[in-house]
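Analysis of the macromolecular model
Listed here are the chains, written in short residue letters.
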Amino acid sequence: KNEVEQSPQNLTAQEGEFITINCSYSVGISALHWLQQHPGGGIVSLFMLSSGKKKHGRLIATINIQEKHSSLHITASHPRDSAVYICAETSGSRLTFGEGTQLTVNP
Amino acid sequence: EAQVTQNPRYLITVTGKKLTVTCSQNMNHEYMSWYRQDPGLGLRQIYYSMNVEVTDKGDVPEGYKVSRKEKRNFPLILESPSPNQTSLYFCASSFVSARGVNEQFFGPGTRLTVL
């Protein structure tokens, strides 16, 4: 069974700090997704990647296929980044999710 | 506006009373999927569909049915709901490429309570 593990489970940071959230998976995948769940519950897709690195604004996602590991970085964090960040691996058409990382950024 | 809609957003029902949660997308996506989210367990896939009339089980399909008669709609049916189906449900859709599922668009969620 595919397993996806995220760390840390909870993360508190001060505004402006550089943040890293990690995701490890157990089997070969088609792609790795990073999602953001807002405090109100809505979920948005941040990245989908199968190799290398992607950047969008202050968010950067990287993946190392050999090590079965992905990271989500947030530069110059802001209180509005406070949310749950979820990684999910896809093997074709099925998705398996990590439990999420609760990020709180204090002003 | 590109979106995935779900109805109802909130539902309180009783054990055994059949219910349907609707999901509709306006992006002509081939792939649609249902997930449930529970504290301590995260998101888990219930059923998914790669296209019209093509559906398959996810990790937690027991107690649920789905159908995909039209590309835009993917209803989730609970024929005889039980309290352990109390959860937050999300529908999502995406295009499909050679790599499989692409970035997904999520509906707003349906909070279901079964008494």
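The notes below deal with the structure included here. Since the structure is predicted, the reported quantities are computational estimates derived from the model, not experimental observations.

Thoughts on the overall build of chain A
Counting its secondary structure elements, chain A contains zero helices and eleven strands. In chain A, the succession of α and β elements from N to C terminus is β-β-β-β-β-β-β-β-β-β-β. Against the globule reference of 13 Å for 107 residues, chain A gives a C-alpha radius of gyration of 13 Å, in line with a compact fold. Out of the 107 residues in chain A, the part that is buried amounts to 50%. For chain A, the accessible surface area stands at approximately 4900 Å², while carbon and sulfur atoms represent 49% of it. Taken together, the 8 basic and 8 acidic charged side chains of chain A have centroids lying 9 Å from each other.

Digging into the interface of chain B and chain A
Listed per partner, the contact involves 22 residues of chain B and 19 residues of chain A. Across the chain B to chain A interface the summed buried area is about 1800 Å²; carbon plus sulfur atoms make up 52%. On the chain B side of the interface with chain A, the three residues burying the most area are Leu 43, Arg 99 and Glu 103 of chain B, jointly 31% of the side's total. Here chain B is connected to chain A by one salt bridge. Across the contact surface, chain B and chain A share seven residue pairs in polar contact (both at pLDDT 80 or more). Of all the secondary-structure elements, those providing two or more residues to the side of chain B that touches chain A are β4 (31-38), β5 (42-51), β9 (87-94) and β11 (100-101) of chain B. Here the element with the most residues in the side of chain B that touches chain A is β5 of chain B; it accounts for five residues. Of the residues assigned to the side of chain B that touches chain A, the class counts are ten nonpolar, seven polar and five charged.

A few points about the packing of aromatic side chains
Counted by the stated rule, this structure contains five aromatic pairs over all chains. Residues Phe 97 of chain A and Tyr 35 of chain B carry aromatic rings whose centres are separated by 5.1 Å and whose planes lie at 85° to one another, so their mutual orientation is edge-to-face. With Phe 97 of chain A in strand β10 (residues 94-97) and Tyr 35 of chain B in strand β4, the pair connects residues from two separate chains. The pair formed by Phe 97 of chain A and Tyr 35 of chain B is uniform in burial state, with each residue classed as buried. Between Tyr 31 of chain B and Tyr 48 of chain B, the ring centres sit 6.0 Å apart and the planes meet at 20°, which makes this aromatic pair stacked. You can see Tyr 31 of chain B sitting in strand β4 and its partner Tyr 48 of chain B sitting in strand β5, a full 17 residues away along the chain. Look at Tyr 31 of chain B and you get buried, because its relative accessible area is 0%. Its relative accessible area of 6% is what places Tyr 48 of chain B among the buried residues. Three or more aromatic residues joined by ring pairs form one cluster here, namely Phe 97 of chain A together with Tyr 35, Phe 90 and Phe 106 of chain B.

Let's talk about the pairing of β10 of chain A
All names here are of chain A. Bridge count between strand β9 (residues 83-91) and β10: four bridges; the pairing is antiparallel. Looking at β10, one finds that Ser 91 is bridged to Arg 94. In this structure, the hairpin formed by β9 and β10 is closed by a connection of two residues, where Gly 92 is found at a positive phi of approximately 80°.

Observations regarding the nonpolar core
Ile 19, Leu 32, Trp 34, Leu 46, Phe 47, Leu 72 and Tyr 85 of chain A are the most contacted members of the largest nonpolar core, which totals 22 residues. Mapped onto this core, the elements with two or more residues apiece are β3 (19-25), β4 (31-37), β5 (43-49), β7 (59-64), β8 (69-74), β9 and β11 (101-106) of chain A. Broken down by element, the residue count for this core peaks at four residues, all from β3 of chain A. Ignoring sequence-local partners within four residues, the contact set of Leu 46 of chain A consists of Trp 34, Leu 35, Gln 36, Leu 59, Leu 72 and Tyr 85 of chain A together with Glu 103 of chain B.

Comments concerning the state of the cysteines
Residues and elements named next belong to chain A. Under the criterion given, the structure shown has two disulfides over all chains. Residue pairing for Cys 23: its cysteine sulfur links by disulfide to Cys 87, the two sulfurs lying 2.1 Å apart. One disulfide, between Cys 23 and Cys 87, carries an S-S torsion of 80° and so falls in the right-handed class. Here the residue Cys 23 occupies a position in strand β3, and Cys 87 occupies one in strand β9, the gap between them amounting to 64 residues.

Conventions used here
Residues numbered from 1 in each chain as written. Chains lettered and ligands numbered in written order. Predicted model: local features only at pLDDT ≥ 70, side-chain atom pairs only at ≥ 80, totals over all residues. Heavy atoms only, no water. Helix = DSSP H or I, 4+ residues; strand = E, 2+ residues; numbered from the N terminus. Rg over C-alpha atoms; globule rule 2.2 N^0.38 Å. Buried < 20%, exposed > 50% of the residue type's maximum accessible area, 1.4 Å probe, protein only. Areas by Shrake-Rupley, 256 points an atom, 1.4 Å probe, with all protein chains shown as cover. Lys, Arg positive; Asp, Glu negative; His and termini not counted. Charge placed at Lys NZ, Arg CZ, Asp CG, Glu CD. Contact = heavy atoms within 4.5 Å. Buried area = accessible area lost by both parts, 1.4 Å probe. Salt bridge = Lys/Arg side-chain N within 4 Å of Asp/Glu carboxyl O. Polar contact = N/O pair within 3.5 Å; in protein donor to acceptor, adjacent residues only side chain to side chain. Nonpolar A, V, L, I, M, F, W, Y, C, P; charged D, E, K, R; others polar. Phe/Tyr/Trp six-rings, centres within 6.5 Å; stacked < 30°, edge-to-face > 60°. Pairing = 2+ DSSP bridges. Core = buried A, V, L, I, M, F, W, Y, C linked by side-chain atoms within 4.5 Å. Disulfide = S-S within 2.5 Å.

Limitation: the analysis is restricted to geometry and does not speak to function.
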